[in-house]
Amino acid sequence: MDLDRLTPVEVARRRNKRIRWTIILLVLIGVVYYAVFEKTYVVAYDSDLEHFKYGSIGSETASGVPYWIFQALPVLFEDKLGPGGYKSFGFLYEPGQDLPIGVSRRVVQGIERVWLNCAVCHTGTYRENDGDESKLIIGAPANNLRLFEFIQFLREAAIDNRFSADNVLQAIEQAGGDLGWFRRFIYRTFVVKRVGDGLLELRQQLAFMERQHDWGPGRVDTFNPYKAIQFNFPMGPEYIGDKALNGASDYPSIWQQRPREGMQLHWDGNNTSVAERNLSAALGAGVTPVTVDRPSIQRIERWLSDWPAPAYPKRDQLDAASIRHGKRLYGEYCASCHGAMSAKGDGYDYDTRRYSGLGKVVPLRLIGTDPGRVLSYTEGFAGAQNMLYAGYPWRFQQFRKTEGYANQPLDGIWARSPYLHNGSVPTLRDLLEPADKRPAVFYRGSDVFDWKRVGYKSIGGGSAFRFDTALPGNSNEGHDGPRYGTALSERDKVALVEYMKTF
Amino acid sequence: MHGAVAVSEVEQRTRQHTIAIWVGIALNLCFIIPLLFVPTWFLGLFGVPLREPTWARFTGLLVLIISCFYVPAAVDLVRYRVIAWLAIVPSRSFGTLFFLTIVFVFEQPKGFLAGALLDGGVGLVTLYFLVRLTAAERAARAGAASTGDRRMGTHALKVAGAIVGLAVALVLGTWLLLFRSVPQPKLLDPLAAFNYGSIGNESAQGLPYWIWRVLPKVFSDHLPYPRNGWSSLGLYWEAGSELPVGLSKKTLGVIPRVSINCAFCHQGSYRLVGEDSSRLIPGGAGTRVSPQAYLRFLERVGKDARFNADRILEEIEAIYDLPWWESILYRFVLVPFTRRALQEQATLYAWTYDRPAWGRGRIDPFNPVKFTLLEQPIDDTIGNSDIMPLWSLAAVAHDGGARSALHWDGLNTSLHEVVLAGAIGDGLSHKAYAEVEERLTLIENWIRLQQPPASPFSPDRPPGDPYYVDPEAVVDGRRVFAKSCAECHDPHGPRHRTVIPVQEMGTDRHRLDMWTEAAKDRYLDYRSGSYDWGFEHFQNVDGYVATALSGVWARGPYLHNGSVPTLWDLLQPVAKRPTRFYRGLDVVDPDKGGFIAHGAEAQRLGTLYDVSEPGNANVGHTWGTELSVADKLALLAYLKTL
């Protein structure tokens, strides 16, 4: 007889215990899985400004590279980047920061990844004189960012034999990374390969860049890569000609967004919603509709609503008489399309009812500027954009094809050189010349300021970028003729420029 | 005591079971005999159409044979117990499940439910008696019945109930997840209803939304030039709209589906100069859409190895956080079934491969209907014709009148029937009809009232403007028109909206030969299952309809087969009309009227039209070709302004 036989109560209790433990284990596995593989982790910044510069908008998950690989690339490819590393592409480093402005981090599936945010393209610099320190202008065009070269560097790295697990791990060590044996194992088996595959995909998607002219510093072709990456539109010569293929334009300034709501945004005015324009730009920085961090973008959006345009640094040296004269001329020639300083003296006046042309598109045949950018944005593309963020309430609904370029407010215009959408005219003073008197060739890439003509100085030599207005997409024509002030006297032009310094 | 009760219960249950078996066999015979001798009449009672009685007879015979196998259990249940169980599973239960599935999942006529009722009813009753009998036997065998033994019977009943419940849940769940129709938001604007409203064809050909969303990206190489997404099919995409014009989104179960509607073909667009953006012409002549390119795209996608769950899911999940249950549905049901459906569609349209391509702005509208819905044998006819604009139809809206011939060849005389037949051709099912009837009426009324856009050609423009027309020329042209054209083309002309015999027209007759007497008869008698659509106004005629010329500037190319690119060319003798040109560019030709059909841009965006291909002849309609050049120019000026 089995004297140790369990009583029915004991059997039931044991069974209950087993069930309880199984449930607890399953929940634990679930929590760990969620915490490691589903949830991502970001650095939270107290200040909006720091959040703008270094906060994540969600681009790392799908487009980013692991932090240590990002740091290892300049070591591995020092022959291409030089000792300055990413600085050679115009990335800006602040003292004490290990990542440049505009590169943010996020921990995804246990690995810290880095990629771009808004600030990379929208932080400018200037120097008072050659030899001075560069000063940051937050929200200004990233006048020295060479995004084209950065992308080409990545596309070349994709097929470079040196990009192997061994070399990358060695470069990580040289860059100061101590991964430990476990992460080294993971990197060796998965991570490096996955990054390599990603770079290869980028290489194929953007193969058409081989046909493009270098965008140069401070410029980006927004919509051609967008077509290829988001929709796989074919980009071969039989599908897109040289004109539409070279749609590179200056980065815009992004301050004072609140009054811009409802204006035709982007250079060609293809969208009137600030929020939608921002979500679209975020796609360009590498987010996907799934990985986008909307609260983060909305925080930047709120902050940019009223972020002020930078005041002209040499306000004490302005010529009051010339300004008075310039103000009168500006009212006569420019204000109806661009708005003007408020008569009450409380900043820029963006009133689109007072300035009937402000924020509206002027047809290409009237404005006469380079057609590349407006041609790069097509009807079919606008249609396809309606499918972006599908399934979410913020699906794009405001994009439309236009036939020209939009009139923008000129707040902080001194810090937005070179001028015209394609940055083909180096200074404000040059823009007041007829097209044939504007510099046909000049150099971009210097941030030394020309306080007289207003704009960056054209300084050749070294890594300066030779901007040739004869190339497709680079024309400096248009915005020309008596209506645009190019027939005014020298004194008038000087006065106009003097007045615009106060914006 | 208990044992005795159990024994008597065993006898009682056996008796009951035997009666149930015999009743079941008798009921079977009620089906078997009529099925054997008068199958068509009998199935007609249940609203089940029958074209081939032999199989129905054979089915009757099979049921008779099966019924014979039930007999042993009724004679000696103890000896043939296993047969009693086999009668329930698989026989009766599988039959029930079969009939339920075909009715509720595959939308077969409801009459088949009679089969489910018979098999289900008899199956459940015999199952009940058999289970109770088994329990009683156990009780009897135990001698002293305990409640525990009794529970054995209830336990078996529970298992059986669970199986039945599971089967019902499976059918119901499938229906809820994939087939239940969720009404579209009401589209009150008739134009929105026309452009984006569902016409009830989702169950026949709705693509699951997320598959549709990623197709043009994954398979951009299967799209026609310029391969820029859905727009490359020539569809107009209004700013901000989730779908291009001509596609609707409607949810079945939990899955939104995208399918075509009337506006897929009936949409026009135009540009006055090449640099402009296109403008939509609602209900227009479909001059740049390419229905065949869409068909070909889907066919190639269906055969492409990239169309697999891994790849499609990867693309979807890159742009949308698909809930896991939808992810499962897509992976295991929707992607494989869509692939199979696309392959089947390719087979159905295989005949198009050995006939001239439709090209942009054209379609063979009736052969697909003829070969599938109307079950006509695949012949070698070619029905390629231009897509007609849907406007200025108020005058012809009185059903069945002598002057209301519709379609190019007047094969129907009722606008209502034309709308309905169009929707059926696009996949409207009779089940969905009740839901979309109101919308189709709205669309029909919209078509009656819709007018072409105002002509850009005007004497009010400044002279020198490409779209300026000389007012005097217009006056002269009206005079020429009254003399030479009005008899047929003026809405008050005696022959307007009548069929002009092809001998008189002299135009290409392929389209006429496509429509046959047999096809007409089948359409007049067209039924979906038991549902009679009640068509009355199909006819077979031998000529082409003379229509009014409103908006004729936006209707090029001309003639029913679109064989003459511009109005000016149509006024030339046949020998001088262009023999090769390109269709599909929506830039208006300001000189000749119609759309620009030559040049690099037309060649890039358009499809080549060669008049030497069968169905493409540009002969006939020589009226006006004899006019003096001055009269022709005046007439052209007038026509441009209509």
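Residues numbered from 1 in each chain as written. Chains lettered and ligands numbered in written order. Predicted model: local features only at pLDDT ≥ 70, side-chain atom pairs only at ≥ 80, totals over all residues. Heavy atoms only, no water.

Student: Would you mind showing me how to read the overall build of chain A here?
Tutor: Along the backbone of chain A there are 19 helices and 16 strands. Across the 503 residues of chain A, 54% fall into the buried class. Taking as baseline every contact in chain A between residues at least 6 positions apart, the subset at least 24 positions apart corresponds to 72%. Working note: accessible area of chain A is about 22700 Å², and carbon and sulfur atoms make up 54% of it. The average position of the 62 basic charges and that of the 58 acidic charges among the side chains of chain A differ by 5 Å. (Helix = DSSP H or I, 4+ residues; strand = E, 2+ residues; numbered from the N terminus. Buried < 20%, exposed > 50% of the residue type's maximum accessible area, 1.4 Å probe, protein only. Contact = heavy atoms within 4.5 Å. Areas by Shrake-Rupley, 256 points an atom, 1.4 Å probe, with all protein chains shown as cover. Lys, Arg positive; Asp, Glu negative; His and termini not counted. Charge placed at Lys NZ, Arg CZ, Asp CG, Glu CD.)

Student: Could you clarify how one ought to interpret the pattern of salt bridges in this entry?
Tutor: Pairs may arise between side chains of opposite charge once their charged atoms sit close together. Residue and element names in this part refer to chain B. Inspection of every chain in the model, using the stated rule, returns 66 salt bridges over all chains. Between Asp-304 and Arg-306 there is a salt bridge; the shortest N-O distance is 2.7 Å. You can call Asp-304 buried: its relative accessible area is 16%. Judged by its relative accessible area of 25%, Arg-306 falls in the partly exposed class. Between Asp-379 and Lys-370 there is a salt bridge, and its shortest N-O distance comes to 2.8 Å. Using a relative accessible area of 23% as the deciding quantity, one classes Asp-379 as partly exposed. For Lys-370, a relative accessible area of 1% translates into the label buried. (Salt bridge = Lys/Arg side-chain N within 4 Å of Asp/Glu carboxyl O.)

Student: Sorry if this is basic, but what is going on with the interface of chain B and chain A here?
Tutor: The parts lose accessible area when they come together, and the size of an interface is often stated as this lost area. Across the contact, 31 residues belong to chain B and 28 residues belong to chain A. Three residues, Arg-213, Lys-217 and Gly-240 of chain B, lead the burial of chain B against chain A; their summed loss comes to 23% of the area buried on that side. Taken together, chain B and chain A are joined by zero salt bridges. Here chain B is connected to chain A by twelve residue pairs in polar contact (both at pLDDT 80 or more). (Buried area = accessible area lost by both parts, 1.4 Å probe. Polar contact = N/O pair within 3.5 Å; in protein donor to acceptor, adjacent residues only side chain to side chain.)

Student: Any chance you could explain the sheet that holds strand 4 (residues 255-260) of chain B here in plain terms?
Tutor: Each strand in a sheet pairs with its neighbour through backbone hydrogen bonds, running either in the same direction (parallel) or in the opposite one (antiparallel). Residues and elements named next belong to chain B. Spatial strand order, 1-3-4-2: four strands in an open sheet with antiparallel pairing. Only two strands of the sheet have a single partner each, and these edge strands are strand 1 (181-182) and strand 2 (207-208). The pairing of strand 1 with strand 3 (residues 247-252) spans two bridges and is classified as antiparallel. By the bridge assignment for strand 3, Val-182 is matched with Thr-251. (Pairing = 2+ DSSP bridges.)

Student: Would you mind going over the sheet that holds strand 3 (residues 103-108) of chain A with me for this structure?
Tutor: All names here are of chain A. Strand order across the open sheet formed by four strands is 1-3-4-2, with antiparallel pairing between neighbours. Single-partner strands in this sheet number two, and they are strand 1 (41-42) and strand 2 (65-66). Taken together, the six bridges between strand 3 and strand 4 (residues 111-116) define a ladder with antiparallel strand orientation. Paired with Arg-106 across the bridge in strand 4 is Arg-113.

Student: Sorry if this is basic, but what is going on with the environment of Asp-98 of chain A here?
Tutor: Residue and element names in this part refer to chain A. By the element assignment, Asp-98 lies in the loop between helix 5 (78-81) and strand 3. Those residues within four positions of Asp-98 in sequence are excluded, and the remaining contacts are Tyr-67, Gln-71, Tyr-93 and Arg-105. Engagement of the side chain of Asp-98 in a polar contact is seen with the side chain of Arg-105, the distance being 2.7 Å.

Student: I would appreciate a short explanation of the packing of helix 7 (residues 165-174) of chain A against helix 8 (residues 180-205) of chain A in the present structure.
Tutor: Each pair of packed helices can be described by the angle between their axes along with the distance between the axes. Residue and element names in this part refer to chain A. Running from amino to carboxyl end, helix 7 crosses helix 8 at an angle of 130°, the nearest separation of the two axes being 10 Å. Comparing their axes, helix 8 and helix 7 come out oblique. Where helix 7 crosses over helix 8, the two elements pack in a sense that is right-handed. Within the contact between the two elements, helix 7 uses Ala-165, Asp-166, Val-168, Leu-169, Ile-172 and Glu-173 and helix 8 uses Arg-184, Tyr-187, Arg-188 and Val-192. Residue composition of the contact of helix 7 with helix 8, grouped by class: six nonpolar, no polar and four charged. (Axes fitted to C-alpha atoms, helices over the stretch in contact; angles between N-to-C directions. Parallel < 35°, antiparallel > 145°, perpendicular 65-115°, else oblique. Left-handed = near helix turned anticlockwise from the far one by under 90°. Nonpolar A, V, L, I, M, F, W, Y, C, P; charged D, E, K, R; others polar.)

Student: Teacher, can you tell me more about a positive patch on the surface here?
Tutor: A cluster of basic residues, Arg-13, Arg-14, Arg-15, Lys-17, Arg-18 and Arg-20 of chain A, forms a positive patch at the surface. Relative to the helices and strands, Arg-18 of chain A is located in helix 1 (residues 8-38). (Patch = residues over 30% accessible without salt bridge, like charges linked within 9 Å, V, L, I, M, F, W, Y side chains within 5 Å.)

Student: Teacher, can you tell me more about the side chain of Gln-257 of chain A here?
Tutor: Residues and elements named next belong to chain A. Secondary-structure assignment places Gln-257 in the loop between strand 8 (249-250) and helix 11 (274-285). Residue class for Gln-257 comes out buried when judged on its relative accessible area of 4%. Filtering out sequence-adjacent residues up to four positions away, Gln-257 remains in contact with Val-274, Arg-277, Leu-304 and Ser-305.

Student: How should helix 23 (residues 629-640) of chain B be read in this particular structure?
Tutor: Working note: α-helix, 3.6 residues per turn, so residues spaced by three or four point in the same direction. All names here are of chain B. End to end, helix 23 covers 16 Å across twelve residues, agreeing with the expected 16 Å (1.5 Å per residue, within 8%). All of the buried residues in helix 23 are Lys-632, Ala-634, Leu-635, Leu-636, Ala-637, Tyr-638, Leu-639 and Lys-640. Where helix 23 is buried, its residues contact helix 16 (471-484) and helix 21 (567-570). (Expected span 1.5 Å × (residues − 1).)

Student: Can you help me understand the environment of Trp-115 of chain A in this one?
Tutor: Residues and elements named next belong to chain A. Mapped onto the elements, Trp-115 comes out in strand 4. Under the relative-accessibility criterion, Trp-115 is labelled buried at 13%. Once residues lying within four places of it in the same chain are set aside, the contact partners of Trp-115 are Ser-59, Glu-60, Ser-63, Gly-64, Val-65, Gly-102, Val-103, Ser-104, Phe-150, Leu-154, Ala-285 and Gly-286. A distance of 3.4 Å separates a polar side-chain atom of Trp-115 from the backbone oxygen of Ala-285.

Student: Before we go on, may I ask you to explain the side chain of Lys-632 of chain B in this structure?
Tutor: Residues and elements named next belong to chain B. Mapped onto the fold, Lys-632 is located in helix 23. One buried charge, Lys-632, has no salt-bridge partner; the nearest side chain with opposite charge is Glu-626, at 7.7 Å. At 3.2 Å, the side chain of Lys-632 and the backbone oxygen of Thr-625 are in polar contact. Beyond its immediate sequence surroundings of up to four residues, Lys-632 is in contact with Trp-568, Leu-571, Gln-572, Pro-573, Gly-624, Thr-625 and Leu-627.

Student: Would you explain empty space enclosed by the protein in this entry?
Tutor: Any space left empty among the atoms is revealed by the rolling of a water-sized probe across them. Residue and element names in this part refer to chain A. Per the stated rule, a full pass over the model turns up eight cavities of 30 Å³ or more. In this model, the largest cavity occupies a volume close to 100 Å³. What lines the largest cavity is a set of 13 residues, among which Pro-418, Arg-444, Gly-445, Ser-446 and Tyr-456 lie closest to the centre. Broken down by element, the lining of the largest cavity gets its largest block of residues, three residues, from strand 13 (residues 441-444). Split by residue class, the lining of the largest cavity holds five nonpolar, six polar and two charged. Volume-wise, the second largest cavity comes out at about 80 Å³. (1 Å grid on protein atoms, 1.4 Å probe; cavity = no way out; pocket = protein on both sides within 12 Å on 5 of 7 lines; lining within 4 Å. Points joined across faces, edges and corners; volume = space filled by probe spheres on them.)

Student: Before we go on, may I ask you to explain the packing of aromatic side chains in this structure?
Tutor: The geometry of an aromatic ring pair is captured by the separation of the ring centres together with the interplanar angle, meaning the angle of the planes. Overall, the coordinates contain 75 aromatic pairs over all chains when judged by the stated rule. Three or more aromatic residues joined by ring pairs form one cluster here, namely Tyr-392 and Trp-394 of chain A together with Tyr-209, Trp-210, Trp-212, Trp-230, Phe-264, Tyr-294, Phe-297 and Tyr-320 of chain B. The ring centre of Trp-394 of chain A lies 3.6 Å from the NZ or CZ of Arg-294 of chain A, which sits over that ring. Here the basic side chain of Lys-249 of chain B rests over the ring of Tyr-209 of chain B, its NZ or CZ set 4.4 Å away from the ring centre. (Phe/Tyr/Trp six-rings, centres within 6.5 Å; stacked < 30°, edge-to-face > 60°. Lys NZ or Arg CZ within 6 Å of the ring centre and 35° of its normal.)

Student: Any chance you could explain a nonpolar patch on the surface here in plain terms?
Tutor: Residues and elements named next belong to chain B. On the surface, Leu-29, Ile-33, Phe-37, Val-38, Trp-41 and Leu-45 cluster together to form a nonpolar patch covering roughly 630 Å² of accessible area. Contributing elements (two or more residues each) for the nonpolar patch: helix 1 (2-37) and helix 2 (39-45). Counting residues per element, the nonpolar patch draws most heavily on helix 1, which supplies three residues. The residue Leu-45 is located in helix 2 in this model.

Student: What is the right way to read unusual backbone geometry from this model?
Tutor: A negative phi holds for most residues other than glycine; trans holds for most peptide bonds. In the segment running from Ser-417 of chain A into Pro-418 of chain A, the intervening peptide bond is cis, with an omega of -10°. Examined against the element boundaries, Pro-418 of chain A turns out to sit in the loop between strand 12 (404-406) and helix 18 (428-431). With omega at 10°, the peptide bond leading from Val-89 of chain B into Pro-90 of chain B counts as cis. Its location among the elements puts Pro-90 of chain B in helix 4 (residues 81-104). We note that Gln-109 of chain A has phi near 50°; this positive angle belongs to a residue other than glycine. One non-glycine residue with positive phi stands out, namely Arg-497 of chain B, at about 60°. Tracing the sequence through the fold places Arg-497 of chain B in the loop between helix 17 (486-489) and strand 9 (499-501).

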